[in-house]
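# Remarks on the overall topology
For reference, the chains in residue letters:
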Amino acid sequence: MKMTLSKLLAANRPATGKKILLALAGAGLLMGAVGVNATPEHDRDSLVKYFKNKYPDVKKDNYIYGALAFDPDAKAQYDSIMDFPPFGSVLDQGKAMWDTPFKNGKKYADCFPNGGKNVAGNYPYFDDKAGKVVTFEMALNACRVQNGEDAFKYSDMKTIGVLTAYARTLSDGMAMNIKVDGSAATAAYEAGKKQFYSRRGQLNFSCATCHVDNAGNRLRSEILSPAIGQTTHWPVFRGGDNLVTLQERYVGCNKQVRAVPFAAGSTEYNDLEYFHSYISNGLPMKAAVFRK
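The text that follows walks through the structure, step by step, so that each part is easy to find. The structure presented is a predicted model; accordingly, all values stated were derived computationally and were not measured. (Residues numbered from 1 in each chain as written. Predicted model: local features only at pLDDT ≥ 70, side-chain atom pairs only at ≥ 80, totals over all residues. Heavy atoms only, no water.)

Look at helix 8 (residues 183-197) against helix 11 (residues 267-278): their axes get within 7 Å of each other, and the N-to-C directions meet at 90°. With respect to helix 11, the element helix 8 is oriented roughly perpendicular. Contacts from Ala185, Ala188, Tyr189, Ala191, Gly192, Lys193, Gln195, Phe196 and Tyr197 in helix 8 reach Glu268, Asp271, Leu272, Tyr274, Phe275, His276 and Tyr278 in helix 11. Class assignment for the residues of the contact of helix 8 with helix 11 results in 10 nonpolar, 3 polar and 3 charged. (Axes fitted to C-alpha atoms, helices over the stretch in contact; angles between N-to-C directions. Helix = DSSP H or I, 4+ residues; strand = E, 2+ residues; numbered from the N terminus. Parallel < 35°, antiparallel > 145°, perpendicular 65-115°, else oblique. Contact = heavy atoms within 4.5 Å. Nonpolar A, V, L, I, M, F, W, Y, C, P; charged D, E, K, R; others polar.)

Rendered as structure tokens:
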């Protein structure tokens, strides 16, 4: 399972013609997850089957643990850390933000059904009136603005990051439930899918290069995580209490392949998150967890 960067680069140089067809067919993705005429559900099902065939001993629900699904020792260490997480105080800050009334007396809980419990798994969704994808962070900011407060910056982990980390824990255990209904929503989904499979940067990698084609392989000391299950656990705390949101991770990944990233909260990343979240439909959420 170990793969050096040079081998990973060599294995993922662009193929042409017949080689592309053979590669896609061998991966179980031809007219599946990358099929131009595939439905969202076909895409999701194709990826689930792909990982089931590649790793038959890994249970589908265990993909919510990312790369830990492939490493029992690392999973055991994770379980120990989560018994007494070093970032508990950060989540306490998020709870305090959630519970503190706005100037008009209302709270975040007033903006969401069921007081914000078991709702985060419905995000992102496509807003037909606005004509765009709405992420959970956008909904939190919309709540602030509707109640006379300024919106947080999407890149500010001390505000929107901390708030999102706590607010998403209110939906722990909820199954991801992303909807793609109508032509406009489908177009946004397809734009996100294109982002996921398009190569970029000086290293010429796509999201799928690492998280589909090479998921389960080692890149230097790290095992590459699978695409399915990834969106269930963000934001994460990396290496202790270093909080990172999903879209900030998109920024980091693009930088690692030496591409110019889009901004967190951009249309490009919102659409990517829409596709990325849909393929984890049915998997249980577990937000604000430890990752290396």
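Time to look at helix 4 (residues 72-83). Counted at 1.5 Å a residue, the expected span for helix 4 with its 12 residues is 16 Å, and the 17 Å between its end C-alpha atoms agrees. Of the residues making up helix 4, those classed as buried are Ala74, Lys75 and Tyr78. Burial along helix 4 is one-sided: seen end-on, the buried residues are contained in an arc of 100°. Relative to its buried face, helix 4 has exposed residues pointing more than 90 degrees away, namely Pro72, Asp73, Gln77 and Asp83. (Expected span 1.5 Å × (residues − 1). Buried < 20%, exposed > 50% of the residue type's maximum accessible area, 1.4 Å probe, protein only. Arc of directions from axis to C-beta.)

Across the sheet, 3 strands lie side by side as 7-6-8; this open sheet has mixed pairing. Strand pairing shows two members of the sheet lacking a second neighbour, strand 7 (242-244) and strand 8 (289-291), which therefore form its edges. Neighbour-to-neighbour, the strand axes of the sheet open up by a mean angle of 40°, direction not taken into account. The pairing of strand 6 (residues 236-238) with strand 7 spans 3 bridges and is classified as antiparallel. Considered in strand 7, the bridge of Phe237 is made with Leu243. Where helix 7 (residues 157-169) meets the sheet, its contacts fall on strand 6 and strand 7, and the angle it forms with strand 7 comes to roughly 80°. (Pairing = 2+ DSSP bridges.)

A few words on the environment of Asp92. Mapped onto the fold, Asp92 is located in helix 5 (residues 88-99). A relative accessible area of 52% means that Asp92 is categorised as exposed. Residues Asp92 and Tyr166, 74 residues apart in the sequence, show an inter-C-alpha distance of 7.8 Å.

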